[in-house]
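Per-entry structural report
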Amino acid sequence: MATSSHTLNLALQGGGSHGALTWGVLDALLEDGRIHIEGISGTSAGAVNAVALAHGFAQAAHRESQPEAARALGAQLAREALAELWRGVGAMGSLMWGSPLPGSPFMGALNQFFSPYQTNPLDFNPLRKLLERVVDFEALANTPLPEVVPRLFVCATNVRTGRGHIFSGDKLSADAVMASACLPQLFQAVEIEGETYWDGGFSGNPALHPLIYHTHCNDILLVQINPIEYNDIPSTAADISDRMNEVTFNASLLAELRAIDFVKRLLEQGKLDPERYKNVLLHRVDGGAVLRGYKASSKSRADLRLVLELFELGREQGLLWLRTNRRHIGQRQTLQINENAP
C-alpha cells in the first residue's frame, strides 16, 4: 500500500440505511492508501460508520508498533469492519422486513399513532448488539498509537436543552453512538450520565466545529447523503414529510457552512488573524444528488440488496472524487459554499 501523502478530516452525515453509500465512499478512500484521516465527525449512520472505521485503525495500533505499518494494516481492518457492520445491517434488515420488530416498516407505521414507550417498552434496538460485536470501544479509548487512530466526534441532541452534544475520547461509547442514531419516533431516548439524547441530526448533521477546533488539518471532506435541493414541489403527504425531514436534517449543516464561508471571506480580506483562525478547505462527495432517485422513506429499508447497491454507488462516487480532487487536498477548497448555503 502506498504511503499516505494527504491528510483529511471526514464529516459523515446521517441518513438511515443510506449510510451504506458512505460505506462505499470510505471503502474507496481506504483502498487508495494515500489518504491519512486525522479526525471524523459523524452523526447517526455517519457515527456508526465513523466508529467502525476507527475500530480498524485501533486494532492495527494494538498489533503494529510502527505508525506507517499500523496505518497500512488499519486501512485494511477498517474496510473489513465496515463490511462486517453493513452486511450485518443488511442481513438484519432482510429479516425485519414486514416483521413486528422495532425499526421495521411495520413498526414505523404503528409509531405514527403510538410512541416507542408504548410499542417498544423494553427499548429493544437490534443495531446495538451488532455495533457492540463489531466495534471494540475499549480499544478505541486506549490506543497505543493515537496518531494512527482518527479522532472521533459523535453528535447527539440533548432532549432537555435541544442543543447538540459532542461525544469524544473516553466519553465515546456504544450508548453515545446509539444516542446519535436515536430517532424519537422509533426508539426511546438514550440516557447517558443523567441526560437523555435523541438523534444528532436535529442539531449537527454532521457537526463541523469539532474538526475545526480539535484537529490540525485544514481539509474537511463532507460526505453528504441528504439532498439540499429538491426541484419538484412535493404534493403527496409522503413526499411532503420526506422533504420536511431533509430540510430539518440539513439546517444545522447549512448554518455551519455559512459561518465557515464568512470566516474565510474575512481571512481573505485580511480582517482576521490567520494565526488564530483556521482557513478551512471544504470538499464534498454529494451523495444527496446520487440518492435523488431513492425516496427518503427508503432510509428505513435496510435489506442486503439495497445496502450493497448503495455501497457500489458510494464506491463510484468515492473513486470519482479521488480522481478529480485528490490533488487539491491542502491546496484549495473544492466545495462552492455560496451555491449551497446562500
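All values reported here derive from a predicted model rather than from experimental measurement. (Residues numbered from 1 in each chain as written. Predicted model: local features only at pLDDT ≥ 70, side-chain atom pairs only at ≥ 80, totals over all residues. Heavy atoms only, no water.)

1. Quick look at the overall build of the protein chain
Within the protein chain, the secondary structure is distributed over 13 helices and eight strands. Looking at the protein chain as a whole, 55% of its 342 residues are labelled buried. Across the protein chain, every contact between residues at least 6 apart in sequence was considered, and the portion connecting residues at least 24 apart equals 77%. Surface exposure of the protein chain reaches about 15,700 Å², of which carbon and sulfur atoms provide 52%. (Helix = DSSP H or I, 4+ residues; strand = E, 2+ residues; numbered from the N terminus. Buried < 20%, exposed > 50% of the residue type's maximum accessible area, 1.4 Å probe, protein only. Contact = heavy atoms within 4.5 Å. Areas by Shrake-Rupley, 256 points an atom, 1.4 Å probe, with all protein chains shown as cover.)

2. So, the pairing of strand S8 (residues 281-286)
Among the six residues in S8, five count as buried, and that is most of the element. With six bridges connecting them, strand S7 (residues 219-224) and S8 associate as parallel partners. Following the sheet pairing, Leu222 is matched in S8 by Arg284. Regarding the hand of the β-α-β motif, the stretch spanning S7, helix H10 (residues 237-268) and S8 is right-handed. (Pairing = 2+ DSSP bridges. Right-handed = clockwise from strand over helix to strand, strands pointing away.)

3. A look at helix H12 (residues 304-325)
What sets the pattern is the α-helix's 3.6 residues per turn: residues three or four places apart point alike. Look at H12: 31 Å from first C-alpha to last across 22 residues, which is about the 32 Å you get at 1.5 Å a residue. Along H12, the residues classified as buried are Leu306, Val307, Leu310, Phe311, Gly314, Arg315, Gln317, Gly318, Trp321, Leu322 and Asn325. (Expected span 1.5 Å × (residues − 1).)

4. What about the side chain of Ser298?
Considering the arrangement of structural elements, one finds Ser298 in the loop between helix H11 (287-290) and H12. Relative accessible area serves as the criterion here: at 13%, Ser298 is assigned to the buried category. Within the local environment of Ser298, its side chain forms a polar contact with the side chain of His18, the two groups lying 2.7 Å apart. If we ignore the near neighbours within four places in the chain, the residues touching Ser298 are Ser17, His18 and Leu306. (Polar contact = N/O pair within 3.5 Å; in protein donor to acceptor, adjacent residues only side chain to side chain.)

5. Overview of the environment of Glu191
Among the secondary structure elements, Glu191 is positioned in strand S5 (residues 190-192). On the basis of relative accessible area, Glu191 is assigned to the exposed category, the value being 55%.

6. Side note on the pattern of salt bridges
Under the defined criterion, the tally for this structure stands at 15 salt bridges. Measuring nitrogen to oxygen at the nearest pair gives 2.8 Å for the salt bridge that ties Asp175 to Arg128. Placement of the pair is Asp175 in helix H8 (residues 174-180) and Arg128 in helix H6 (residues 126-134), with a sequence separation of 47 residues. A relative accessible area of 26% means that Arg128 is categorised as partly exposed. Note that Asp261 and Arg265 form a salt bridge whose closest N and O atoms lie 3.3 Å from each other. A residue pair is termed a helical-turn pair when its members lie 3 or 4 positions apart in one helix, as Asp261 and Arg265 do in helix H10 at four residues. On the basis of relative accessible area, Arg265 is assigned to the partly exposed category, the value being 37%. In the salt-bridge network here, residues are joined through shared partners; they are Asp27, Glu31, Arg79 and Arg315. (Salt bridge = Lys/Arg side-chain N within 4 Å of Asp/Glu carboxyl O.)

7. Remarks on the pairing of strand S3 (residues 151-158)
Burial within S3 is extensive, with seven of its eight residues counted as buried. The pairing of strand S2 (residues 35-43) with S3 spans five bridges and is classified as parallel. Its bridge partner lying in S3, Gly42 is registered against Val154. Alignment of S3 against strand S4 (residues 164-167), held across four bridges, turns out to be antiparallel. Looking at S4, one finds that Val154 is bridged to Phe167. Of the strand pairs in this sheet, S3 and strand S6 (residues 195-198) are connected by two bridges, and their pairing is antiparallel. Considered in S6, the bridge of Thr157 is made with Trp198.

8. Structural notes on H10
The first and last C-alpha atoms of H10 sit 46 Å apart over 32 residues, in line with the 46 Å expected at 1.5 Å per residue. At Ala251, H10 shows its maximal kink, close to 40°. Just downstream of H10, Gly270 is the residue with a positive phi angle, here 75°. (Bend = angle between axes of the 7 residues up to and from the residue.)

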